[in-house]
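# Commentary on secondary and tertiary structure
Spelled out from the first residue to the last, the chains are:
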Amino acid sequence: MDPTTAPFWEAAERGELRVQRCGRCGHHQFYPRPFCLQCDAEGLDWVTVAGRGRIYSKTVVRVPLVTGFEPPYVVAIVELNEGPYLMGNVDSVDCKIGDEVVLRWQQRDHKYPVPVFAVVSPPR
Amino acid sequence: MGAAESALGRVENQSELSMAALASREALAEAGLTLKDVDGLFVNYMGQEGSVQVGEYLGIEPRYSDSSDLGGAAFEAFVHHAMLAVHSGHCDVALITYASRQRSRKSRPMALTEDDQSLMGQFELPYGLPAPIGHYALAAARHMHEYGTTPEQLAEVAVAARAWAALNPKAWAREPLTVADVLATPMMCDPLRKLDCCLRTDGGGAIVIAGKDHARNAAKRAIRVIGVGESQRAWNIAQSRDLTSTPGAAAGRHAFAMAGIAPSDVDVFEPYDCFTIAVLLHLEDLGFCERGGAGEFAKSGALRPGGKLPSMTSGGGLSYCHPGALGLLLLVEAVRQLRGEAGARQVPDAKIAVAHGIGGVLSTSATVVLARD
């Protein structure tokens, strides 16, 4: 956590996914910045979103390359329905790009819970 | 003006600094110059305030220095920076150098190390994505999804690199390799297999850039820099909106426009082949083929010896040498090809060569167009 991301992590502790929303242009922004990257307006709001989206890309890590992670496991980039991309683990090694996913919070060794995505349905 | 490799492969009787220093002297000798002539110094990955550490070792006090960390693409970017510095009279002789002993020292980190307060520490490191292979795997998976690129097409890049390496006595891996061999290696991060990944070797080199007045005193034929370009995108990969292209598209556009060339003018291509997918992205970014067409382009044999676009002619990072950052050695090979010094792997009558670097995790790119007069 840093001073600019505190609202995100404090919401995560309550099980909520919060991202910034620009009051002027409606752009949803993640990670947070002091202004909107799309229209340059200042004073963005924090909004709670559903944590639903689709897998933009994913890989299954098959070899033990990172301490503390037991292969195989999935790392994905999820495009939230509101637009931002978010990295997270996915609970199924069979997931595919385009799958609809929903965010679940998982408490690990870190102070704050981290997002883990669950597959809702395969792509149409 | 000068180009040299350091000791390569497994180097146990040198330090990084001595490797870089010896390569620097060799490159300067090609240019008819010595260390005393160097007044511009460009280094990356040589420790904190790297230009100072290297300058001290070389016993020089340059009036222009640059340790910009643009990852493995820094060396192509340094050609850009050095050209501007020389052109504007801020230095006369620019030396770009690098060396690593990451094989001997087993020092390649697989996780980027960032403190918890960094954005990467907060939003990417908690998920165990190994760097940089995991990042390139995400790019490869998306490229396959969008364009139907196949594992066989990726493997063909490694096969082409190996075919070149077989012609290069300095290459690390020279035994014959087939697509089936590549596909039989273990999956590391889907869809990248072991031989979709570059080597981990020791190595380094040096490049000398100087004004054309120096060309007549040079011991070897001087090569002209006719185009340079660079760009950058994301450090946190989820901040990139498109993993099927890289900042190389912009870097290449700038460099080709400056050189006044089209992709079809390029005789030799030295792409940064850290992973097979990287080469496919570079081919598309630079316009050697259509978006999504690089897999087919590679499969046609275009990259191999005798192919339409001879690429990775040293054997590349996949089969020749990958000392943590390959960018400098791409330039060395491009120079060798343009001078006609490449021996069995020489591309006949090569007049225009492109060295194209990428760095970080699809984060930075820089393109250099070189020409033989």
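If you're wondering where the values come from, they're calculated on a predicted model, not measured in any experiment.

So, about the overall build of chain A. Across its full length, chain A holds one helix and eight strands. Walking chain A from its N terminus toward its C terminus, one meets helices and strands in the order α-β-β-β-β-β-β-β-β. Taking 124 residues into account, the globule formula puts the C-alpha radius of gyration at 14 Å, and chain A, at 15 Å, falls close to it. Counting only C-alpha atoms, chain A reaches 45 × 35 × 25 Å along its principal axes. By residue count, 30% of the 124 residues in chain A fall in the buried class.

When a protein is soluble and globular, its nonpolar side chains tend to lie buried together. Counting 155 residues, the largest nonpolar core has Val-78 of chain A together with Ala-94, Ile-96, Ile-207, Val-208, Leu-331 and Val-368 of chain B as its most contacted members. The element contributing the most residues to this core is helix H6 (residues 151–165) of chain B, with ten residues. Discounting chain neighbours no more than four positions away, the residues touching Ala-94 of chain B are Gly-40, Phe-42, Ala-82, Ala-85, Val-86, Ile-209 and Ala-210 of chain B.

As a further point, take the packing of helix H3 (residues 74–87) of chain B against helix H12 (residues 327–339) of chain B. Residues and elements named next belong to chain B. Direction vectors running N to C along H3 and H12 enclose 65°, while the axes themselves pass 6 Å from each other. The residues of H12 that touch H3, namely those facing Ala-74, Phe-75, Glu-76 and Val-79, are Gly-327, Leu-328 and Leu-331. Residue classes in the contact of H3 with H12 are distributed as five nonpolar, one polar and one charged.

Turning our attention to the domain arrangement of chain B. All names here are of chain B. Segmentation of chain B into domains returns domain 1 (2–105 + 203–221) and domain 2 (130–198 + 225–371). Domain 1 and domain 2 are separated by 23 Å when their C-alpha centres are compared. Residue-level contacts link 28 residues of domain 1 with 32 residues of domain 2. Listed by contribution, the elements that provide at least two residues to the side of domain 1 that touches domain 2 are strand E1 (2–5), H3, strand E4 (93–100) and strand E7 (203–210). Per-element accounting of the side of domain 1 that touches domain 2 gives the leading share, seven residues, to H3. Residue classes in the side of domain 1 that touches domain 2 are distributed as 14 nonpolar, ten polar and four charged.

Residues and elements named next belong to chain A. Its domain assignment divides chain A into domain 1 (1–49) and domain 2 (51–124). Here domain 1 and domain 2 have C-alpha centroids that lie 21 Å from each other. Sorting the residues of the side of domain 1 that touches domain 2 by element identifies helix H1 (6–13), strand E1 (17–21) and strand E2 (28–29) as the ones contributing at least two each. In terms of residues, the side of domain 1 that touches domain 2 owes the most to one element, H1, which gives three residues. Looking at the side of domain 1 that touches domain 2, its residues break down into seven nonpolar, three polar and one charged.

Here the focus is unusual backbone geometry. That bond from Pro-71 of chain A to Pro-72 of chain A is cis: its omega, -5°, falls within 30 degrees of zero. Note on placement: Pro-72 of chain A falls in the loop between strand E4 (52–61) and strand E5 (73–80). Across the junction of Ala-131 of chain B and Pro-132 of chain B, the peptide omega takes the value -5°, indicating a cis bond. Residue placement: Pro-132 of chain B occurs in the loop between helix H4 (119–123) and helix H5 (133–147). Even without being a glycine, Asp-40 of chain A presents a positive backbone phi close to 75°. Relative to the helices and strands, Asp-40 of chain A resides in the loop between E2 and strand E3 (45–49). Since 10 C-beta atoms lie within 10 Å of it, Asp-40 of chain A is described here as exposed. Residues other than glycine seldom take positive phi values, yet Leu-362 of chain B does so here, at roughly 60°. With respect to the helices and strands, the residue Leu-362 of chain B is situated in the loop between strand E10 (352–359) and strand E11 (364–371).

Residue and element names in this part refer to chain B. Among the structural elements, Val-43 can be located in strand E2 (residues 40–43). Judged by the 28 C-beta atoms lying within 10 Å of it, Val-43 falls in the buried class. A C-alpha to C-alpha distance of 12 Å links Val-43 and His-81, two positions 38 residues apart in sequence. Those residues within four positions of Val-43 in sequence are excluded, and the remaining contacts are Gly-50, Ser-51, Val-54, Ser-67, Thr-97 and Tyr-98.

Interfaces are often sized by the amount of accessible area the parts lose when they come together. Counting residues at the interface gives 24 residues for chain B, matched by 26 residues for chain A. Within the residue set of the side of chain B that touches chain A, elements represented by two or more residues are H4, H5 and strand E5 (187–189) of chain B. The element contributing the most residues to the side of chain B that touches chain A is H5 of chain B, with six residues. Classifying every residue of the side of chain B that touches chain A by side-chain character gives 16 nonpolar, five polar and three charged.

In this section: the pairing of E4 of chain A. For a regular strand, the rule is simple: side chains alternate between the two faces of the sheet. Residues and elements named next belong to chain A. With respect to burial, E4 is a largely interior element, eight of its ten residues being buried. Pairing of E4 with strand E7 (residues 100–106) involves three bridges; the strand directions are antiparallel. Considered in E7, the bridge of Arg-54 is made with Glu-100. In this sheet, E5 lies alongside E4 in antiparallel orientation, the contact comprising eight bridges. If you follow Gly-53 over to E5, its bridge partner there is Leu-80.

This next bit is on the pairing of strand E9 (residues 268–271) of chain B. All names here are of chain B. Where burial is concerned, the two faces of E9 agree: the one with Val-268 and Glu-270 and the one with Phe-269 and Pro-271 are both buried. Relative to E10, E9 is paired through four bridges, and the arrangement is parallel. Its bridge partner lying in E10, Pro-271 is registered against His-356.

Moving on, we get to H3 of chain B. All names here are of chain B. Between its terminal C-alpha atoms H3 stretches 19 Å, which fits the 20 Å expected from 14 residues at 1.5 Å a residue. All buried positions along H3 are accounted for by Ala-74, Phe-75, Glu-76, Ala-77, Phe-78, Val-79, His-80, His-81, Ala-82, Ala-85 and Val-86. Two residues or fewer after H3 comes Gly-89, characterised by a positive phi angle close to 80°.

For the rest of this paragraph, the subject is the sheet that holds E1 of chain B. Residues and elements named next belong to chain B. Strand order in the open sheet formed by five strands is E1-E7-E4-E2-E3, and the pairing between neighbours is mixed. In this open sheet, the two edge strands, each paired with only one partner strand, are E1 and strand E3 (64–66). Between one strand and the next, the sheet's axes are offset by a mean angle of 10°, whatever the strand orientation. Both E4 and E7 contribute to a ladder of eight bridges, which runs antiparallel. Its bridge partner being in E7, Tyr-98 is matched across the sheet by Gly-205. Against the sheet, helix H2 (residues 50–58) contacts E2, E3 and E4, and its axis sits at roughly 120° relative to E2. This element, H3, spans E2, E3, E4 and E7 of the sheet and lies at about 160° to E4.

Definitions and limits used
Residues numbered from 1 in each chain as written. Chains lettered and ligands numbered in written order. Predicted model: local features only at pLDDT ≥ 70, side-chain atom pairs only at ≥ 80, totals over all residues. Helix = DSSP H or I, 4+ residues; strand = E, 2+ residues; numbered from the N terminus. Rg over C-alpha atoms; globule rule 2.2 N^0.38 Å. Buried ≥ 20, exposed ≤ 12 C-beta atoms within 10 Å, placed from the backbone. Core = buried A, V, L, I, M, F, W, Y, C linked by C-beta atoms within 7 Å. Contact = placed C-beta atoms within 7 Å. Axes fitted to C-alpha atoms, helices over the stretch in contact; angles between N-to-C directions. Nonpolar A, V, L, I, M, F, W, Y, C, P; charged D, E, K, R; others polar. Domains from an automatic or database assignment. Pairing = 2+ DSSP bridges. Expected span 1.5 Å × (residues − 1).

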